[in-house]
Amino acid sequence: MKEIHTTRDIARELARKYSTMTHAELDILESILVPHKFAKNQLILKEGDICRDILYIDIGLLRQFYHKKNMVVTEHLGVDGTIVMCIESLFREEPTRLQVEAVEQSICYALPKQRLEEVALHNVNIQILYRKILEESLILSQVHADLVRFETAQDRYKRLCKLMPKVVQRAPLNYIANYLQMTPETLSRVRAATLLD
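All values reported here derive from a predicted model rather than from experimental measurement. (Residues numbered from 1 in each chain as written. Predicted model: local features only at pLDDT ≥ 70, side-chain atom pairs only at ≥ 80, totals over all residues. Heavy atoms only, no water.)

A. Structural context of the overall build of the protein. Scanning the protein for helices and strands turns up nine helices and eight strands. Taking the principal axes of its C-alpha atoms as reference, the protein extends roughly 55 × 35 × 30 Å. Burial statistics for the protein: of 197 residues in total, 44% are counted as buried. Considering only contacts in the protein between residues 6 or more positions apart, those separated by 24 or more positions represent 71%. Considering the protein, the positive charge centre built from 27 side chains and the negative charge centre built from 26 side chains are found 4 Å apart. (Helix = DSSP H or I, 4+ residues; strand = E, 2+ residues; numbered from the N terminus. Buried < 20%, exposed > 50% of the residue type's maximum accessible area, 1.4 Å probe, protein only. Contact = heavy atoms within 4.5 Å. Lys, Arg positive; Asp, Glu negative; His and termini not counted. Charge placed at Lys NZ, Arg CZ, Asp CG, Glu CD.)

The structure is reproduced here in structure tokens:
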């Protein structure tokens with residue numbers, strides 16, 4: 001595993017990625033971060049749970065999925081330096097149909113929504129960080145929806161390689177195929193053809 005970061009390191013990383021912050025704002029952001037370690041294959045959020053946190057992945061790989069007609073559908077794959085949340089459950093405070101599991105041993109930092117909203121009321125840069133995290137999440141959802149709606153299998157895979165190279169390198173092939181809404185056999189053919197390009 002990579003070097004372990006402190007909550008201060010993570011606060012700085014979030015500020016660098018989403019918003020500039022004063023030392024006082026960094027202190028506040030650091031104070032609400034909650035570190036979590038998840039074992040490989042550990043279920044982090046079950047169907048029927050209420051999502052209360054935005055998870056920032058420091059190290060690891062998380063999968064968001066749901067069940068549909070006796071099938072498991074991968075909705076999202078997140079790696080180091082990315083965010084995972086069940087956005088509808090988080091904002092409506094209703095049970096989620098999505099589940100989140102650690103595909104690898106993972107270290108994540110939770111931003112509890114309630115605390116984040118409280119501190120965002122009084123800190124403009126934390127408000128900006130919160131908004132940019134939500135914008136990024138919505139854009140990712142739209143990109144995935146467009147990918148499976150409009151792109152050929154080959155183009156879907158190529159685009160994923162460009163957008164999420166760490167996911168392509170580390171996620172099991174069946175999860176990648178599922179995320180791209182293709183069979184593992186189709187993914188194998190597409191990967192072989194891509195290598196020949």
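B. Summary view of empty space enclosed by the protein. Under the defined criterion, the tally for this structure stands at one cavity of 30 Å³ or more. Volume-wise, the largest cavity comes out at about 40 Å³. As for the largest cavity, its lining consists of L140, V143, H144, L147, L160, L163, M164 and Y179. The set of elements that each furnish at least two residues to the lining of the largest cavity consists of α5 (124–150) and α6 (153–163). If you tally residues by element for the lining of the largest cavity, the top one is α5, at four residues. Looking at side-chain class alone, the lining of the largest cavity contains seven nonpolar, one polar and no charged residues. (1 Å grid on protein atoms, 1.4 Å probe; cavity = no way out; pocket = protein on both sides within 12 Å on 5 of 7 lines; lining within 4 Å. Points joined across faces, edges and corners; volume = space filled by probe spheres on them. Nonpolar A, V, L, I, M, F, W, Y, C, P; charged D, E, K, R; others polar.)

C. Inspection of unusual backbone geometry at higher detail. Positive phi values are uncommon outside glycine, yet K69 reaches one of about 45°. Non-glycine residue E93 carries a positive phi angle of around 55°. By the element assignment, E93 lies in the loop between α3 (87–92) and β7 (99–102).

D. The sheet that holds strand β8 (residues 106–112), seen in detail. Spatially, four strands are ordered β1-β8-β3-β6 in an open sheet, and the strand pairing comes out antiparallel. The open sheet has two edge strands with one neighbour each: β1 (34–38) and β6 (83–84). Bridge count for strand β3 (residues 53–59) against β8 is six bridges, and the pairing is antiparallel. Opposite I57, over in β8, you have C108 as the bridge partner. Strands in contact with helix α1 (residues 7–18) are β1, β3, β6 and β8; relative to β3, the strand with the most contacts, it is inclined by about 105°. (Pairing = 2+ DSSP bridges. Axes fitted to C-alpha atoms, helices over the stretch in contact; angles between N-to-C directions.)

E. Here's a closer look at the packing of aromatic side chains. Inspection of the entire model under this criterion finds zero aromatic pairs. In this arrangement the basic side chain of R63 is found over the ring face of F65, its NZ or CZ atom lying 4.1 Å from the centre. Lying across the ring of Y175, R63 places its NZ or CZ 3.9 Å from the centre. (Phe/Tyr/Trp six-rings, centres within 6.5 Å; stacked < 30°, edge-to-face > 60°. Lys NZ or Arg CZ within 6 Å of the ring centre and 35° of its normal.)

F. Focus on the state of the cysteines. Tallied over the full model, the rule gives zero disulfides. Of all cysteine sulfurs in the structure, the one in C51 sits closest to C86, which takes part in no disulfide; the separation is 4.8 Å. Cysteine C108 shares no disulfide, and the gap to the nearest cysteine sulfur, in C51, comes to 12 Å. Classification of C108 as buried rests on a relative accessible area of 0%. (Disulfide = S-S within 2.5 Å.)

G. Structural view of the pairing of β7. A two-sided burial pattern is seen for β7, the buried positions comprising Q99 and E101 on one face and V100 and A102 on the other. Here two bridges tie strand β2 (residues 43–45) to β7, and the two strands are oriented antiparallel to one another. Pairing of L45 across the sheet is with V100, part of β7. Pairing geometry for strand β4 (residues 61–68) and β7, over four bridges, is antiparallel. In the sheet register, L62 faces β7, and the bridge partner there is A102.

Purely spatial values, then, with no claim about function.
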